[in-house]
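If you want the building blocks of each chain, they are given just below.
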Amino acid sequence: MGVHIKQAVEVATYIISQRLQGKKRFPLTLMLEPLFRCNLACSGCGKIQHPLDVLRKYLTPEECFRAVEECGAPIVAIPGGEPLLHPQIDEIVSGLVARRKFVYLCTNGILLEENLHKFKPSPYFSFSVHLDGLREWHDKCVDRKGVFDIAVKAIKAAKAKGFRVTTNTTIFEGANVADMQAFFDFISSLGVDGMMISPGYAYEWAPDQEHFLKREQTRALFREILAPYRAGKKNWNFNHNPLFLDFLVGEKDYECTPWGMPSYSVLGWQKPCYLLNEGHYQTWQELLDNTNWENYGHKSGNPKCRDCMVHCGYEPTAAMDAFNPGNMVKAAASLF
């Protein structure tokens, strides 16, 4: 089971509550970026392209808690940069867990094993380790040899200490289908608590703009990669609503829900999502009220959104679709 049953129940309760209050736009996951600094320079990521004065900044625990309480999302993903470089990351995590938020600390794994002593296992807390494939492919994606082995060793150490561990994988153009399937087999053998996958998107500041997938490429590639899973031949443990996987292979035609996973960082609330470099608002309410949401998403005609199928925009749509009567059984069955 990828999604913890406790998380599924509490998130479902939250969605029902928001609907009963008549709210049309509300967040499911806050992407909390306490710093942009990183100990890697991945070619598909634009975070460390920020100016030096921005890279030196980090959010205080109080600023993190205020952002979480301001938007009210039940899930908090902590990407970066590399969050384990933050001097108070353990205080941030413990404060969020105390607030009964489901926390996913995203890490490349390099500093994970040496920092495990700072954290406590909890059903509200998971390490989300970035792995884009098997050793050769992953080390190529992160532009450094040896990172795959370090991350795998850290995953084993975290599991041995009782932590929930998931993986997150971005699939780019050029990914080998058989290798990705072998990668899912390998990650499953580590006993991780779920795997998250997403197609790469042409992040504006990323140094490598050549290996992001177009929309039809995404569907074709994911159909091939997930074919054994969808045929019942593999029991890969994905940390996803199954309707999102249906969307990736082209069986669902969703529209983006950009307010479903807002991003808050040292620069403020990013407009309209973390993938587009269009500035920032200082409050969540300003982002919600002042954004022309109709200008974003595949059907908007915005060329920046044309090929995007990334989880931050479409997984919230799948979560809402799970409440349609025809989808409730499938969504619930995936928990067991």
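If you're wondering where the values come from, they're calculated on a predicted model, not measured in any experiment. (Residues numbered from 1 in each chain as written. Predicted model: local features only at pLDDT ≥ 70, side-chain atom pairs only at ≥ 80, totals over all residues. Heavy atoms only, no water.)

### Thoughts on the pairing of strand β4 (residues 125–130)
Phase 1: Most of β4 is tucked away, with six of its six residues classed as buried.
Phase 2: The side-chain alternation of β4 yields two buried faces, one formed by F125, F127 and V129 and the other by S126, S128 and H130.
Phase 3: The sheet contact formed by strand β3 (residues 102–107) and β4 spans five bridges and is parallel. Within the sheet, the bridge partner assigned to L105 lies in β4 and is F127. (Buried < 20%, exposed > 50% of the residue type's maximum accessible area, 1.4 Å probe, protein only. Helix = DSSP H or I, 4+ residues; strand = E, 2+ residues; numbered from the N terminus. Pairing = 2+ DSSP bridges.)

### Quick notes on unusual backbone geometry
Phase 1: Across the junction of G80 and G81, the peptide omega takes the value 5 degrees, indicating a cis bond.
Phase 2: The topology assignment puts G81 in the loop between β2 (75–78) and α4 (89–98).
Phase 3: A cis amide bond links K271 to the next residue, P272, at an omega of -25 degrees.
Phase 4: Mapped onto the secondary structure, P272 falls in the loop between β8 (268–270) and β9 (280–281).
Phase 5: Phi at R100 is positive, roughly 60 degrees, even though this residue is not glycine.
Phase 6: By the element assignment, R100 lies in the loop between α4 and β3.
Phase 7: Residue classification places R100 among the partly exposed positions, given a relative accessible area of 48%.
Phase 8: Its identity is not glycine, yet D143 carries a phi of approximately 60 degrees, on the positive side.
Phase 9: Mapped onto the elements of the fold, D143 is located in the loop between α6 (135–141) and α7 (147–160).
Phase 10: Residue classification places D143 among the partly exposed residues on the basis of a relative accessible area of 48%.

### Here we look at the packing of aromatic side chains
Phase 1: One pass over the full model with this rule turns up 20 aromatic pairs.
Phase 2: A ring pair is formed by Y229 and F238, whose centres lie 5.0 Å apart and whose planes are at 90 degrees; its orientation type is edge-to-face.
Phase 3: With a centroid separation of 4.5 Å and an interplanar angle of 20 degrees, the aromatic rings of F247 and Y314 are classed as stacked. With F247 in helix α10 (residues 242–248) and Y314 in helix α12 (residues 311–321), the pair connects residues that are 67 residues apart, well separated along the chain.
Phase 4: Judged by its relative accessible area of 0%, F247 is buried.
Phase 5: Taken together, the aromatic side chains of F183, F184, Y229, W236 and F238 make up a single cluster linked through ring pairs.
Phase 6: The aromatic ring of W259 is capped on one face by R25, whose charged end is 4.9 Å from the ring centroid.
Phase 7: Taking NZ or CZ as reference, R99 lies 4.1 Å from the ring centre of F65, over its face. (Phe/Tyr/Trp six-rings, centres within 6.5 Å; stacked < 30°, edge-to-face > 60°. Lys NZ or Arg CZ within 6 Å of the ring centre and 35° of its normal.)

### Describing the pairing of β2
Phase 1: Alternating residues of β2 divide into I75 and A77 and V76 and I78, and every residue in both groups is buried.
Phase 2: Note that strand β1 (residues 29–32) and β2 share three bridges and pair parallel. When the bridges of β2 are listed, T29 appears paired with I75.
Phase 3: One ladder, built from four bridges, connects β2 with β3; its direction is parallel. Within β3, the position partnered with V76 by the bridge is V103.
Phase 4: Read as a crossover between parallel neighbours, the route from β2 over α4 to β3 is right-handed. (Right-handed = clockwise from strand over helix to strand, strands pointing away.)

### Notes on α7
Phase 1: An ideal rise of 1.5 Å per residue puts 20 Å on 14 residues; α7 measures up with 20 Å between its terminal C-alpha atoms.
Phase 2: V147, F148, A151, V152, A154, I155, A157 and A158 are the residues of α7 that are buried.
Phase 3: Downstream of α7 by a residue or two, G162 has a phi angle that is positive, lying close to 90 degrees. (Expected span 1.5 Å × (residues − 1).)

### What about the nonpolar core?
Phase 1: L30, L32, L96, F119, F127, F184 and W269 are the most contacted members of the largest nonpolar core, which has 82 residues in total.
Phase 2: Beyond its immediate chain neighbours, meaning those up to four positions away, L32 contacts L59, C64, V76, A77, I78, P79, I92, L96 and Y264. (Core = buried A, V, L, I, M, F, W, Y, C linked by side-chain atoms within 4.5 Å. Contact = heavy atoms within 4.5 Å.)

### Looking at the state of the cysteines
Linking two cysteines covalently via their sulfur atoms produces the bond known as a disulfide.
Phase 1: Applying the stated criterion across every chain, the model contains zero disulfides.
Phase 2: Its sulfur unpaired, C305 is 6.6 Å from the next cysteine sulfur, which belongs to C256.
Phase 3: Not engaged in a disulfide, the cysteine C312 finds its nearest cysteine sulfur in C273; these two sulfurs lie 5.1 Å apart.
Phase 4: Judged by relative accessible area, which is 4%, C312 ranks as buried. (Disulfide = S-S within 2.5 Å.)

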